[in-house]
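Residue-level listing of the chains:
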Amino acid sequence: MTFGRSGAASVVLNVGGARYSLARELLKDFPLRRVSRLHGCRSERDVLEVCDDYDRERNEYFFDRHSEAFGFILLYVRGHGKLRFAPRMCELSFYNEMIYWGLEGTHLEYCCQRRLDDRMSDTYTFYSADEPGALGRDEARPAGAEVAPSRRWLERMRRTFEEPTSSLAAQILASVSVVFVIVSMVVLCASTLPDWRAAAADNRSLDDRSRYSAVPGREPSGIIEAICIGWFTAECIVRFIVSKNKCEFVKRPLNIIDLLAITPYYISVLMTVFTGENSQLQRAGVTLRVLRMMRIFWVIKLARHFIGLQTLGLTLKRCYREMVMLLVFICVAMAIFSALSQLLEHGLDLEASNKDFASIPAACWWVIISMTTVGYGDMYPITMPGRILGGVCVVSGIVLLALPITFIYHSFVQCYHELKFRSARYSRSLSAEFLN
């Protein structure tokens, strides 16, 4: 039973002096989460965690919030129109009220969403459910509920491994991980040098010699590689154990990249063990070299520790429609210009034809390097119509590439500001932890 005056058929919401009457049976399924939480309150203490004050005699709940903003929000949840910003009210203040009552930015009209995004980008202000003291964080936690020590420990471990700037320990862990990535990349690049391979071959018997591969652990490079793989494997396992949602953890792109970077090492070890030191190793040599080269994916692990790479990934995720549109523009233009260039350079005059444009697929290479203004010079038109077409192709490429770039640029700036604000917020918590 809901806490309140017995027998009352309705409750009164007093928001900034404006009073709204509401039937008690509607509280449970009310669209606003903060209001619906009143239905589950069993004591006055629970009620005061939801609202600012309570009058039991009049069955009236007091909320010290903006009355005009609540009026707009109430009209929206009752189905009377669309949610837009209140006149003469700051966008951030209105969004603050939305979060307080349990709404999100997606409930706003598209025009208002763009205004809110622009305002947030200008002020570096972003609201997050993970932010300490953020409004709406208590919405997901039942009244009076406390976090168990084990849950608190798991959450701290998760933040240590997932957020490099969340604590001093997280920064140390991230620095160690970056060192391992750099060392593994240096060893990978050095192992392809002829002098390195010659020195490694001198340390092995003639039967064990191969161009790239050796049984891991017999050479210093193999030992370093095994240590790096051990660190990455342990880090991945710990992050999987402390993650909240195991299925969501597996689906994350960075975690998939970690798996792709670690798995080839174990596959190459198993292949080396099973094939043994015989002729089968020669047949498996190409596969082993391919698997070892897949360690280049470790570079992407740096995205966990650098805002620039995170911004790039988040921008590509949010602008996939613009990226697809850009690819469509390029493919359409490439099909048109490659067919025309093949016709003008090779199809009209077979005796004095340009052999570089013998086919449309061959002409596609010239079109793509011309549209992107690279121009390697390995192939070029020799006829006057072909050169005119080449000029049109270059200008068209500049225009077509510039059209979606504007949208991608604005998304990149917004993503950078968002991630920068999140990093600054965790840095403040790190400073407080260091001082304490």
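Quick notes on the rules
- For every chain, the first residue of the written sequence is number 1, and numbering continues from 1 onward in sequence order.
- This being a predicted model, a pLDDT of at least 70 is required before a residue's local features are given, and a value of 80 or more before pairs of side-chain atoms are given or counted; all residues contribute to the totals for chains, interfaces and linings.
- Hydrogens and water molecules were not included; the side-chain quantities draw on all heavy atoms of the structure.
- By definition, any uninterrupted DSSP run of H or I lasting at least four residues is a helix, any uninterrupted run of E lasting at least two residues is a strand, and each is numbered from the N terminus.
- Only protein chains enter the calculation, and the probe is 1.4 Å; a residue is then buried if its accessible area is under 20% of its type maximum, exposed if over 50%, and partly exposed in between.
- Here the accessible surface of atoms and residues is derived via Shrake-Rupley with a 1.4 Å probe, and residues count as covered only by protein chains that are part of the display.
- Any two strands are treated as partners once DSSP identifies two or more bridges connecting them.
- In this analysis an axis means a line fitted to C-alpha atoms, helices contributing only their contacting stretch, and an angle means the value between N-to-C directions, from 0 to 180 degrees.
- Every angle not falling under 35 degrees, over 145, or within 65 to 115 is termed oblique; those three ranges are roughly parallel, roughly antiparallel and roughly perpendicular.
- The hand of a helix crossing depends on one turn: near helix anticlockwise from the far one by less than a right angle means left-handed, and clockwise means right-handed.
- In what follows, residue pairs with any heavy atoms lying within 4.5 Å of each other are defined as contacts.
- Here the term charged refers only to Asp, Glu, Lys and Arg, the term nonpolar to Ala, Val, Leu, Ile, Met, Phe, Trp, Tyr, Cys and Pro, and the term polar to all other amino acids, Gly among them.
- UniProt positions are given in the numbering used here, feature names are shortened, and annotations may be inferred rather than shown by experiment.
- Residues grouped as a nonpolar core are buried Ala, Val, Leu, Ile, Met, Phe, Trp, Tyr and Cys residues, joined through side-chain atoms within 4.5 Å.
- Only Phe, Tyr and Trp rings are paired, with Trp represented by its six-membered ring, and only when their centres lie within 6.5 Å; those with planes under 30 degrees apart are stacked, over 60 edge-to-face, the remainder tilted.
- By definition, a salt bridge exists where a carboxyl oxygen of Asp or Glu is found within 4 Å of a side-chain nitrogen of Lys or Arg.
- What a helix is expected to span follows from its residue count: subtract one and scale by 1.5 Å.

Moving on to the overall build of the chain. Secondary structure summary: the chain contains 17 helices and four strands in total. When the 436 residues of the chain are sorted by exposure, 39% land in the buried category. For the chain, the accessible surface area stands at approximately 25,200 Å², while carbon and sulfur atoms represent 62% of it.

The pairing of strand β1 (residues 10-15) with strand β4 (residues 60-63) spans four bridges and is parallel. Each bridged residue has a counterpart across the sheet, and for Val-12 the counterpart in β4 is Glu-60. Turn length for the strand β3 (residues 53-55)-β4 hairpin, with the two strands adjacent in sequence and antiparallel, is four residues, and the turn residue Asn-59 shows positive phi of about 55°.

Once that is clear, we can look at the packing of helix α15 (residues 320-347) against helix α16 (residues 360-371). With their axes 8 Å apart at the nearest point, α15 and α16 run at an angle of 120° to one another. On the basis of the axis angle, α15 is oblique to α16. Read as a crossing pair, α15 and α16 show a hand that is right-handed. Residues Ile-330, Ala-333, Met-334, Phe-337, Ser-338, Ala-339, Ser-341 and Gln-342 of α15 pack against Ile-360, Ala-363, Cys-364, Trp-366, Val-367, Ile-368 and Met-371 of α16. A breakdown of the residues in the contact of α15 with α16 according to their chemical character gives twelve nonpolar, three polar and no charged.

What follows covers the sheet that holds β4. Remark on secondary structure: sheet strands pair via backbone hydrogen bonds, oriented parallel or antiparallel. Taken in spatial order, the four strands make up an open sheet running β2-β1-β4-β3, and their pairing is mixed. Of all strands in the sheet, those with a lone pairing partner are β2 (18-23) and β3, marking the two edges. Taken pair by pair, the neighbouring strands of this sheet meet at an average axis angle of 20°, ignoring direction. Seen against the sheet, helix α3 (residues 67-77) touches β1 and β2 and runs at an angle of roughly 30° to β2.

Okay, the environment of Ile-229 next. As for its placement among the helices and strands, Ile-229 is situated in helix α9 (residues 220-242). Sequence separation between Ile-229 and Arg-295 is 66 residues, and the spatial gap between their C-alpha atoms is 9.9 Å. Excluding its chain neighbours within four sequence positions, the residues that come into contact with Ile-229 are Ala-261, Ile-262, Tyr-265, Tyr-266 and Trp-298.

A word on the UniProt feature "transmembrane region" (unreviewed entry) in the chain. Cross-referencing UniProt, the feature "transmembrane region" (unreviewed entry) maps to residues 168-193, 222-242, 254-276, 296-316, 323-344, 356-376 and 388-412 in the present numbering. Strand forms 0% of residues 168-193 and helix 88%; the C-alpha atoms that close the span are 39 Å apart. Spanning residues 323-344, this segment combines 100% helix with 0% strand, and its end C-alpha atoms are found 31 Å apart.

Formed by 37 residues in total, the largest nonpolar core has its most connected members in Leu-32, Tyr-61, Phe-63, Ile-73, Phe-94 and Trp-101. Counting only elements with at least two residues in this core, the list comes to β1, α2 (44-50), β4, α3, α4 (91-101) and α5 (110-123). The greatest single-element share of this core, amounting to seven residues, is contributed by α4. Core analysis: the second largest hydrophobic core is formed by 14 residues, Met-185, Cys-228, Ala-261 and Ile-262 among them.

The next subject is the packing of aromatic side chains. Per the stated rule, a full pass over the model turns up eleven aromatic pairs. With a centroid separation of 5.6 Å and an interplanar angle of 80°, the aromatic rings of Tyr-265 and Tyr-266 are classed as edge-to-face. Note on Tyr-265: relative accessible area 11%, which makes it buried. We classify Tyr-266 as partly exposed; its relative accessible area is 37%. Ring centres of Phe-357 and Trp-366 lie 5.4 Å apart, and the angle between their planes is 70°; this geometry places the pair in the edge-to-face category. Judged by its relative accessible area of 0%, Phe-357 falls in the buried class. Its relative accessible area of 4% is what places Trp-366 among the buried residues. Three or more aromatic residues joined by ring pairs form one cluster here, namely Tyr-20, Phe-63, Phe-70, Tyr-100 and Trp-101.

To continue, consider the pattern of salt bridges. This model, assessed by the stated rule, comprises seven salt bridges. A salt bridge links Asp-55 to Arg-58; the nearest nitrogen and oxygen atoms lie 3.0 Å apart. Via salt bridges that share partners, Arg-19, Asp-55, Arg-58 and Glu-60 belong to a single interconnected network.

One non-glycine residue with positive phi stands out, namely Arg-88, at about 55°. Mapped onto the fold, Arg-88 is located in the loop between α3 and α4. Unlike most non-glycine residues, Thr-373 shows phi in positive territory, near 55°.

A few words on α9. With 23 residues, α9 ought to run about 33 Å at 1.5 Å a step, and its terminal C-alpha atoms sit 33 Å apart, in line with that. Among all positions of α9, only Ser-221, Gly-222, Glu-225, Cys-228, Ile-229, Phe-232, Thr-233, Glu-235, Cys-236, Arg-239 and Val-242 are buried.

By the criterion of burial, α4 is predominantly enclosed, with nine of the eleven residues buried. Those residues of α4 lying buried are Glu-91, Leu-92, Phe-94, Tyr-95, Glu-97, Met-98, Ile-99, Tyr-100 and Trp-101. The first or second residue beyond α4 is Gly-102, which carries a positive phi of 110°.

Regular strands show a simple pattern: their side chains alternate between the two faces of the sheet. Of all six residues that make up β1, five are buried, and the element is covered over most of its length. Here β1 folds back onto β2, and the loop between the two strands holds two residues, one of which, Gly-16, carries a positive phi near 60°.

Geometrically, a packed helix pair is captured by the angle between its two axes and the distance between the axes. Between helix α7 (residues 168-190) and α9, the least distance of the axes is 10 Å, while the angle of their chain directions is 145°. Crossing hand, α7 versus α9: left-handed. Listed contacts from α9 to Leu-173, Val-176, Ser-177, Phe-180, Val-181, Val-183, Ser-184 and Val-187 of α7 are Ser-221, Ile-224, Ile-227, Cys-228, Trp-231, Phe-232 and Glu-235. Residue composition of the contact of α7 with α9, by class: eleven nonpolar, three polar and one charged.

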